[in-house]
Amino acid sequence: MHGQSEAKGDWAKFLGTWLKHPGAMGAIAASSRSYCDAMVRAATTHLDGPILELGAGLGVVTQALLRAGIAPERITSIEYDREFARELKARFPNVNVIQGDGLDLTETLKGREEERFAAILLAIPIIRFKPDERRRLLERYFERIVPAGNLTQLSYSLTPPVKPELGAYAVSSTPVVWANLPPARVWIYNRVGDGARSRG
Ligand SMILES: C[S@@+](CC[C@H](N)C(=O)[O-])C[C@H]1O[C@@H](n2cnc3c(N)ncnc32)[C@H](O)[C@@H]1O
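Reading the values: the criteria
Residues numbered from 1 in each chain as written. Predicted model: local features only at pLDDT ≥ 70, side-chain atom pairs only at ≥ 80, totals over all residues. UniProt positions renumbered as here; feature names shortened; annotations may be inferred. Helix = DSSP H or I, 4+ residues; strand = E, 2+ residues; numbered from the N terminus. Pairing = 2+ DSSP bridges. Near = placed C-beta within 6 Å. Nonpolar A, V, L, I, M, F, W, Y, C, P; charged D, E, K, R; others polar. Axes fitted to C-alpha atoms, helices over the stretch in contact; angles between N-to-C directions. Contact = placed C-beta atoms within 7 Å. Buried ≥ 20, exposed ≤ 12 C-beta atoms within 10 Å, placed from the backbone. Right-handed = clockwise from strand over helix to strand, strands pointing away.

You'll find the chain entered in an unreviewed UniProt entry as Class I SAM-dependent methyltransferase, with Aureimonas populi given as the organism.

UniProt's feature table lists "domain: Ribosomal RNA adenine methylase transferase N-terminal" (unreviewed entry) at residues 35-133, given in the numbering used throughout. Between the C-alpha atoms that bound residues 35-133 the distance is 26 Å, and the span itself is 33% helix and 19% strand.

Let us look at the pairing of strand S3 (residues 96-99). Bridge count for strand S2 (residues 75-79) against S3 is four bridges, and the pairing is parallel. Bridging from a neighbouring strand, Glu-79 pairs with Gln-99 of S3.

Turning next to the site of the ligand. Neighbouring the ligand are 24 residues; Ser-31, Gly-55, Gly-57, Tyr-80 and Gly-102 lie closest to it. Elements with a minimum of two residues in the shell around the ligand: helix H2 (22-25), helix H4 (60-67) and S2. Here the residues of the shell around the ligand sort into 16 nonpolar, five polar and three charged.

A word on the sheet that holds strand S5 (residues 145-155). Taken together, the seven strands give an open sheet; going across it, the order is S3-S2-S1-S4-S5-S7-S6, and neighbouring strands pair in mixed fashion. Sheet topology places S3 and strand S6 (169-173) at the edges, where each strand pairs with a single neighbour. Mean inter-strand twist for the sheet, computed between neighbouring axes without regard to direction, equals 20°. Judged from the four bridges that link them, strand S1 (residues 51-54) and S2 form a sheet pairing that is parallel. In the strand pairing of S2, Leu-52 is matched with Thr-76. Packed on one face of the sheet, helix H3 (residues 33-42) meets strand S4 (117-122), S5 and strand S7 (185-191) and runs near 10° to S7.

Once that is clear, we can look at the environment of Pro-175. Looking at the element boundaries, Pro-175 is found in the loop between S6 and S7. Put simply, Pro-175 and Arg-185 are ten residues apart on the chain and 6.0 Å apart in space, counted from C-alpha to C-alpha.

Burial runs high along S2: five of the five residues are buried. Neither face of S2 is open: one carries Ile-75, Ser-77 and Glu-79, the other Thr-76 and Ile-78, and all of them are buried. A crossover connection joins S1 to the parallel S2 through H4; in handedness this β-α-β unit is right-handed. Crossover S2 to S3 through helix H5 (residues 82-91) is right-handed.

Of the residues making up H3, those classed as buried are Tyr-35, Cys-36, Ala-38, Met-39, Val-40 and Ala-42. Packing partners of the buried residues in H3 comprise H4, S4, S5 and S7.

This is the structure we're talking about:
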């Protein structure tokens with residue numbers, strides 16, 4: 001997907017959007033290739049079912065999913081920013097790109113209530129929400145994931161953005177990816193007691 005000039009253009013688009021909406025962007029630059037690959041390796045994409053990506057930006061994680069051999073038709077990518085969503089549709093015509101709110105799947109995935117995802121890859125910055133809201137959000141996401149499926153979260157946070165909940169879900173992480181700007185790790189959430197395991 002990326003030539004050198006496209007990568008430079010993406011940098012400018014990302015930074016420009018961050019200047020307008022710093023809270024919703026959460027990062028001044030797109031995630032690095034090694035970081036996106038780490039996220040995809042940690043996600044339970046080997047399970048049956050579609051894959052849901054939330055906060056796709058300009059598609060670096062989408063691209064990593066495709067690099068891992070996942071069929072584009074399996075991927076649904078939700079992005080709130082209209083320009084980014086338009087760009088994603090042009091770049092990934094066979095991915096199901098939806099311009100909408102990834103925090104409200106009831107509305108954004110209307111008509112797909114019965115669908116269960118093999119994995120959800122979350123890049124929406126939820127750290128700005130109160131801990132209780134983050135926990136409730138995670139619970140709602142888990143309702144949409146197949147048994148043994150996981151939720152992976154892109155975050156620069158040094159501690160898990162959603163704390164593990166005894167008897168409900170466990171949290172682990174990949175090692176820090178130092179090549180990312182800033183260095184970050186992928187947080188991995190698994191339901192407790194459903195046989196789930198990290199792939200990291
Ligand atoms: C940190 S960037 C991540 C972009 C890309 N996935 C990456 O790793 O570089 C967060 C993205 O989430 C999007 N976003 C923020 N709030 C959102 C929401 N409620 N629903 C969908 N996307 C949202 C932003 O527009 C931005 O593209």
